[in-house]
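Letter by letter, the chains look like this.
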Amino acid sequence: MNSFRRAARMCDRSSGLLFRVKPQTNCCRGQATAPGHAAGSDTGEKPRLRAIDLARKVQQEGTKTGAPEPQLSGQQRRVMDLKRFSLQLQNVHPNVLAKHLHRSVLYRDKDVAVINKPYGVPVRVDSGVTSISSVLPVLSKMMDGMKIKSDSQLLPCLGLEKDSTGTLLLARSEEVVERVLALNRNNQVQQKYWVVTVGVPVPSEGLIDIPIIEREVTGPQPHFKMALSPLFRMNDAGDGVTKVRTNRQAHPALTKYRVLDSSNGCSLVELQPFTGVKHQMRVHMAFAVACPILGDHKYSHWSKLAPQKLPERMLGKLGLEQSKIRHLPLHLHARQLTLPGTSQVDINVSCPLPKYFTQTLSQLHLTLPDKKR
């Protein structure tokens, strides 16, 4: 019945576009037509098709010929719900996003605050969508109890990618931003991320020290990607390596990794970047150890733009079809943040995993470190 009423309302609103009807001059709009004398019979025109009649016709045809909606698995529904939720957060009123972030504060003091960044929401100002930076003035007032004369502010220090989740550090002043950036340059800010990878890194832990450079990918869909720019290559004999001249545009990039658990051809991996190159962890995992992050559709292929290709066994565990994989979110979570505080005690903040992340771990039979026996 609800769909019937919606169809009727839609037809009423658009009737001026669908039908061309000459105005009736001898009767008012609500006047009934005399029996045996159909409207428009004096001009030879067909009777006017009312919106309610068209709605009934559409409903009847839909009942007869409408194909049933495809059944979605539990994982597909969760993926679609997550996508819908992230789009809602990007398009809501700034006050709504600010309230959501206020509920997600993990730590705060007079200098910094740490919030749990939601999936799909950009940190910096992005055209057409609500970003975290755009609501920080409102969030700052909320954290100060909505004081009218409050002059405090919040500024992002260390950013996170749009499709990542977890600990996001905010500073209460420009001076604190500069201090945090200086600490970060000296490797005194420690950030640890948890990712789910397609494949199992070998060896199970190590340090990836390969510079990264932005390159253009030519072909039917030209685009730019970050890529490896190694300092060494195999020699012609294949029994050693030869040093390669450093590309001036390449950025040094170091990422420490450690496999926390592996099962069904995939892994839960802890990453600790020591540099902040764009897409560093994604590039190192995909191209250095050949284990791309689950949901990383950009770096699962080099020469094309296409959804990530997953093994059949993994698709079965996730309850997904390859044709639906484009909606699978990036499984990159900022798990832990540690930095020196103003006193002698370090600030150490851990962030809980998002629901979609824990559901994926369960389906792939990957166990969290604190739950291992």
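In the block above lies the structure referred to throughout.
Since the structure is predicted, the reported quantities are computational estimates derived from the model, not experimental observations.

1. Let's talk about the overall build of the protein chain
Then, number 1: For the protein chain, the count of helices and strands is nine helices and 14 strands.
Then, number 2: Here the protein chain holds 373 residues, and 40% of them are scored as buried.
Then, number 3: Counted over contacts in the protein chain with a minimum sequence separation of 6, partners at least 24 positions apart contribute 63%.
Then, number 4: As presented, the protein chain carries roughly 22200 Å² of accessible surface, and 52% of it is formed by carbon and sulfur atoms.

2. As for the nonpolar core
Then, number 1: Grouped together as the largest cluster of nonpolar side chains are 33 residues, with contacts concentrated most on Ile132 and Leu271.
Then, number 2: Here this core gets six residues from one element, more than from any other, and that element is helix H5 (residues 132-143).
Then, number 3: If you look at the next biggest cluster of nonpolar residues, it comprises 21 residues, including Val196, Leu260, Phe357 and Leu364.

3. Some words on the packing of aromatic side chains
Then, number 1: All chains considered together, the criterion is met by four aromatic pairs.
Then, number 2: Ring centres 6.5 Å apart and planes at 55 degrees place the aromatic pair tyrosine 356 and phenylalanine 357 in the tilted group.
Then, number 3: A relative accessible area of 0% means that phenylalanine 357 is categorised as buried.
Then, number 4: Through pairs of rings, three or more aromatic residues link up here, namely Tyr119, Tyr356 and Phe357.
Then, number 5: Above the ring of tyrosine 299, the side-chain terminus of lysine 298 is found at 5.9 Å from the ring centroid.
Then, number 6: Over the aromatic face of tryptophan 194 sits the side chain of arginine 335, whose NZ or CZ is 4.4 Å from the ring centroid.

4. Comments concerning helix H6 (residues 174-185)
Then, number 1: Relative to the 16 Å expected for 12 residues at 1.5 Å per residue, H6 spans 17 Å between its end C-alpha atoms, a close match to the ideal helical length.
Then, number 2: The complete set of buried residues in H6 reads Val176, Val177, Val180 and Leu183. Along the axis of H6, the buried residues cluster in a sector spanning 130 degrees; they form a single face. Seen from the open side of H6, the exposed residues pointing more than 90 degrees away from its buried face are Glu175 and Arg185.
Then, number 3: Tucked inside the fold, the buried residues of H6 contact strand S2 (112-117), strand S3 (155-158), strand S4 (165-171) and strand S13 (332-340).
Then, number 4: Just downstream of H6 lies asparagine 187, where phi reads positive at about 60 degrees.

5. Looking at the packing of helix H4 (residues 94-103) against H5
Two quantities define a packed helix pair, namely the angle between the helix axes and the distance between the axes.
Then, number 1: Running from N to C, H4 and H5 cross one another at 60 degrees; their axes reach a closest spacing of 8 Å. Once H4 is placed against H5, the crossing between them reads as right-handed. Contact with H4, carried on its side by Pro94, Asn95, Leu97, Ala98, Lys99, Leu101 and His102, involves Ile132, Val135, Val138, Leu139, Met142 and Met143 of H5 and no other residues of that element.
Then, number 2: Considered class by class, the residues forming the contact of H4 with H5 number 10 nonpolar, two polar and one charged.

6. Describing the pattern of salt bridges
Then, number 1: A complete count under the given rule lists six salt bridges for this structure.
Then, number 2: Across the pair arginine 179 and aspartate 111 runs a salt bridge whose closest N-O atoms are separated by 3.6 Å. Separated by 68 residues along the polypeptide, arginine 179 in helix H6 and aspartate 111 in the loop between strand S1 (105-108) and S2 bring together distant segments of the chain.
Then, number 3: Of the residues examined, aspartate 111 reaches a relative accessible area of 13% and is grouped as buried.
Then, number 4: Of the charged contacts, one joins arginine 258 and glutamate 270 as a salt bridge, the two residues approaching to 3.1 Å between their closest N and O atoms. A residue pair is termed long-range when its members are at least 10 positions apart, and arginine 258 in strand S11 (residues 254-263) and glutamate 270 in strand S12 (residues 266-273) qualify at 12 residues.
Then, number 5: Given the relative accessible area of 37%, arginine 258 is considered partly exposed.
Then, number 6: Each of the salt bridges in this network shares a partner with another, and the network as a whole consists of Lys110, Asp111 and Arg179.

Conventions adopted
Residues numbered from 1 in each chain as written. Predicted model: local features only at pLDDT ≥ 70, side-chain atom pairs only at ≥ 80, totals over all residues. Heavy atoms only, no water. Helix = DSSP H or I, 4+ residues; strand = E, 2+ residues; numbered from the N terminus. Buried < 20%, exposed > 50% of the residue type's maximum accessible area, 1.4 Å probe, protein only. Contact = heavy atoms within 4.5 Å. Areas by Shrake-Rupley, 256 points an atom, 1.4 Å probe, with all protein chains shown as cover. Core = buried A, V, L, I, M, F, W, Y, C linked by side-chain atoms within 4.5 Å. Phe/Tyr/Trp six-rings, centres within 6.5 Å; stacked < 30°, edge-to-face > 60°. Lys NZ or Arg CZ within 6 Å of the ring centre and 35° of its normal. Expected span 1.5 Å × (residues − 1). Arc of directions from axis to C-beta. Axes fitted to C-alpha atoms, helices over the stretch in contact; angles between N-to-C directions. Left-handed = near helix turned anticlockwise from the far one by under 90°. Nonpolar A, V, L, I, M, F, W, Y, C, P; charged D, E, K, R; others polar. Salt bridge = Lys/Arg side-chain N within 4 Å of Asp/Glu carboxyl O.

Nothing here speaks to function; it is geometry throughout.
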